[in-house]
Amino acid sequence: VALDPKFERLALARGFGPVEICSVPDLRVLVTLPASTNRAATFGCWSRDGRFLAVRGTEGYHARPTAEVWEVASARRVLLVPETLWASFSFHPRLAQMVAASGEDSVAFWDLERGQILKRFAMGGRAQLIEYSSNGEKFAVARQVGTKWVTSVFEVESGAESKVVTGPRFNSISWVQQDRWVALIANNEVHLHDQKTDETRLLGHHKREARSAVFSPDGRYLFTGADEQEIICWDLRSMERAFSIGLQSAQLQFRADGLGCAITTS
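Anyway, here's the lowdown on the structure attached to this text. (Residues numbered from 1 in each chain as written. Predicted model: local features only at pLDDT ≥ 70, side-chain atom pairs only at ≥ 80, totals over all residues. Heavy atoms only, no water.)

**Re the overall build of the chain**
And then number 1: Helices and strands together make up the secondary structure of the chain, namely zero helices and 26 strands.
And then number 2: In summary, the chain has a C-alpha radius of gyration of 18 Å against a globular reference of 18 Å for 266 residues, a match within 12%.
And then number 3: When its C-alpha atoms are laid out on the principal axes, the chain stretches across 45 × 40 × 35 Å.
And then number 4: Counting the 266 residues in the chain, one finds 50% classified as buried.
And then number 5: Put simply, 32% of the contacts in the chain that link residues at least 6 apart link residues at least 24 apart.
And then number 6: For the chain, the exposed area adds up to about 12800 Å²; of that, 48% sits on carbon and sulfur atoms. (Helix = DSSP H or I, 4+ residues; strand = E, 2+ residues; numbered from the N terminus. Rg over C-alpha atoms; globule rule 2.2 N^0.38 Å. Buried < 20%, exposed > 50% of the residue type's maximum accessible area, 1.4 Å probe, protein only. Contact = heavy atoms within 4.5 Å. Areas by Shrake-Rupley, 256 points an atom, 1.4 Å probe, with all protein chains shown as cover.)

What follows is the structure in structure tokens.
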């Protein structure tokens, strides 16, 4: 299940069947995206303008997953990205482009309207998490280099790298809209990297494995979810825990205008 940025449409996948695009709140089917042969949908992500939907699927536990990118209104598949481990792709915040893992040790930038690679940068290891900054000028990549996990920030134009963290394997990377903070989630820990000072600090802990991180649109709060099915709100002015949301969920999403949020419950 994946809500579009305006909370007007819901992408709904049931295993190996097609992905249905339904209206909200009446769940009327608007568009049906055909199922790929023997691939079960496991993850969905909308572009920020709601034009494209990426659906990650796999044929089985040991199979390499792939991601299909659809132009939703026309039900047209515009791109097939192979071997997309975890969330190893990200839509550009403004342009019809995507950055995604490419092979064992590089990332590629795709033009979604032409289905062509614009450029490619070597990463030194397979990318497992990729996330554009909110202005689209930078992107963060978590990958394994040799025996170490390395998370870095790169310039989109030049590919120039600034190392962020060498250490844990992160489950989530999230940028604040103002591009100062990068949230990095690993084990039960919530880390916060400051782009101005290039320092990374431990913000706090969950009881169990942390899974998600989302900044409020005004940049004042960070919401993180974990396997204990609780979402914590962190106040970024005091750098302390503000409150928790106990709705049996680890996932929160803000509406594009910042005036509403949705929580996926189990």
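Read on for the rest.
**Focus: the environment of Phe-223**
And then number 1: The residue Phe-223 is located in strand 22 (residues 221-226) in this model.
And then number 2: The exposure class assigned to Phe-223 is buried, which follows from its relative accessible area of 10%.
And then number 3: For the pair formed by Phe-223 and Val-150, sequence separation is 73 residues and the distance between their alpha carbons is 24 Å.
And then number 4: The residues touching Phe-223, leaving out its near neighbours within four places in the chain, are Ser-212, Ala-213, Val-214, Ser-216, Ile-231, Ile-232, Cys-233, Phe-243, Ile-245, Leu-252 and Phe-254.

**Let's talk about the nonpolar core**
In summary, soluble globular proteins display a tendency toward joint burial of nonpolar side chains.
And then number 1: Counting 16 residues, the largest nonpolar core has Trp-181, Leu-192, Leu-203, Phe-215, Leu-222 and Leu-236 as the members making the most contacts within it.
And then number 2: Listed by contribution, the elements that provide at least two residues to this core are strand 18 (181-186), strand 19 (189-194), strand 21 (210-215), strand 22 and strand 23 (230-235).
And then number 3: Dropping the residues within four chain positions of it, Leu-236 is found in contact with Trp-181, Leu-192, Leu-203, Phe-215, Gly-219, Arg-220, Tyr-221 and Leu-222.
And then number 4: Counting residues in hydrophobic clusters, the runner-up holds 15 residues, among them Phe-52, Val-69, Val-81 and Leu-112. (Core = buried A, V, L, I, M, F, W, Y, C linked by side-chain atoms within 4.5 Å.)

**Description of the sheet that holds strand 11 (residues 106-111)**
And then number 1: A sheet is described by the order of its strands in space; here four strands give the open sequence 9-10-11-12, paired in antiparallel fashion. This sheet does not close on itself; its edge strands, each paired only once, are strand 9 (89-91) and strand 12 (116-122). The mean angle between the axes of side-by-side strands here comes to 20°, regardless of whether they run parallel or antiparallel.
And then number 2: Inspection of the sheet shows strand 9 paired to strand 10 (residues 97-102) by three bridges, in the antiparallel sense. In the sheet register, Phe-91 faces strand 10, and the bridge partner there is Met-98. (Pairing = 2+ DSSP bridges. Axes fitted to C-alpha atoms, helices over the stretch in contact; angles between N-to-C directions.)

**Notes on the side chain of Ser-172**
And then number 1: When you line up the elements, Ser-172 lands in strand 17 (residues 172-175).
And then number 2: Once residues within four sequence positions are removed from consideration, Ser-172 is found in contact with Leu-129, Ala-183, Leu-184, Ile-185, Arg-211, Ser-212 and Ala-213.

**Observations concerning the sheet that holds strand 23**
And then number 1: Judged by pairing direction, the sheet is antiparallel, and its four strands sit side by side in the order 21-22-23-24 without closing on themselves. Across the chains shown, the open sheet's two edge strands, defined by having one partner strand only, are strand 21 and strand 24 (240-245). Going from strand to strand, the sheet's axes swing by 25° on average, the running direction of each strand aside.
And then number 2: Sheet topology note: the strand 22/strand 23 ladder contains six bridges and is antiparallel. Considered in strand 23, the bridge of Ala-226 is made with Glu-230.

**Overview of the pairing of strand 18**
And then number 1: For strand 18, the tally of buried residues reaches six of six residues, placing the bulk of the element in the interior.
And then number 2: Here strand 18 shows no split at all, with Trp-181, Ala-183 and Ile-185 on one side and Val-182, Leu-184 and Ala-186 on the other all buried.
And then number 3: Two strands pair when backbone bridges link them, and strand 17 and strand 18 are joined in this way by four bridges, in the antiparallel orientation. What sits directly across from Ser-172, in strand 18, is Ile-185.
And then number 4: The antiparallel hairpin formed by strand 17 and strand 18 contains five residues in its connecting segment, where Asp-179 sits at a positive phi of about 65°.
And then number 5: Taken together, the six bridges between strand 18 and strand 19 define a ladder with antiparallel strand orientation.

**Some details on empty space enclosed by the protein**
And then number 1: Applying the stated criterion to the full structure yields two cavities of 30 Å³ or more.
And then number 2: For the second largest cavity, the full set of lining residues is Ser-47, Arg-48, Asp-49, Phe-52, Phe-91, His-92, Pro-93, Arg-94, Leu-95, Ala-96, Gln-97 and Leu-112. (1 Å grid on protein atoms, 1.4 Å probe; cavity = no way out; pocket = protein on both sides within 12 Å on 5 of 7 lines; lining within 4 Å. Points joined across faces, edges and corners; volume = space filled by probe spheres on them.)

**Looking at the packing of aromatic side chains**
And then number 1: Under the criterion given, the structure shown has nine aromatic pairs.
And then number 2: Judged by centre distance (6.4 Å) and plane angle (65°), the rings of Phe-109 and Tyr-132 are edge-to-face. Separated by 23 residues along the polypeptide, Phe-109 in strand 11 and Tyr-132 in strand 13 (residues 127-132) bring together distant segments of the chain. Considered together, Phe-109 and Tyr-132 belong to a single accessibility category, that of buried residues.
And then number 3: Residues Phe-223 and Phe-243 carry aromatic rings whose centres are separated by 6.2 Å and whose planes lie at 70° to one another, so their mutual orientation is edge-to-face. (Phe/Tyr/Trp six-rings, centres within 6.5 Å; stacked < 30°, edge-to-face > 60°.)

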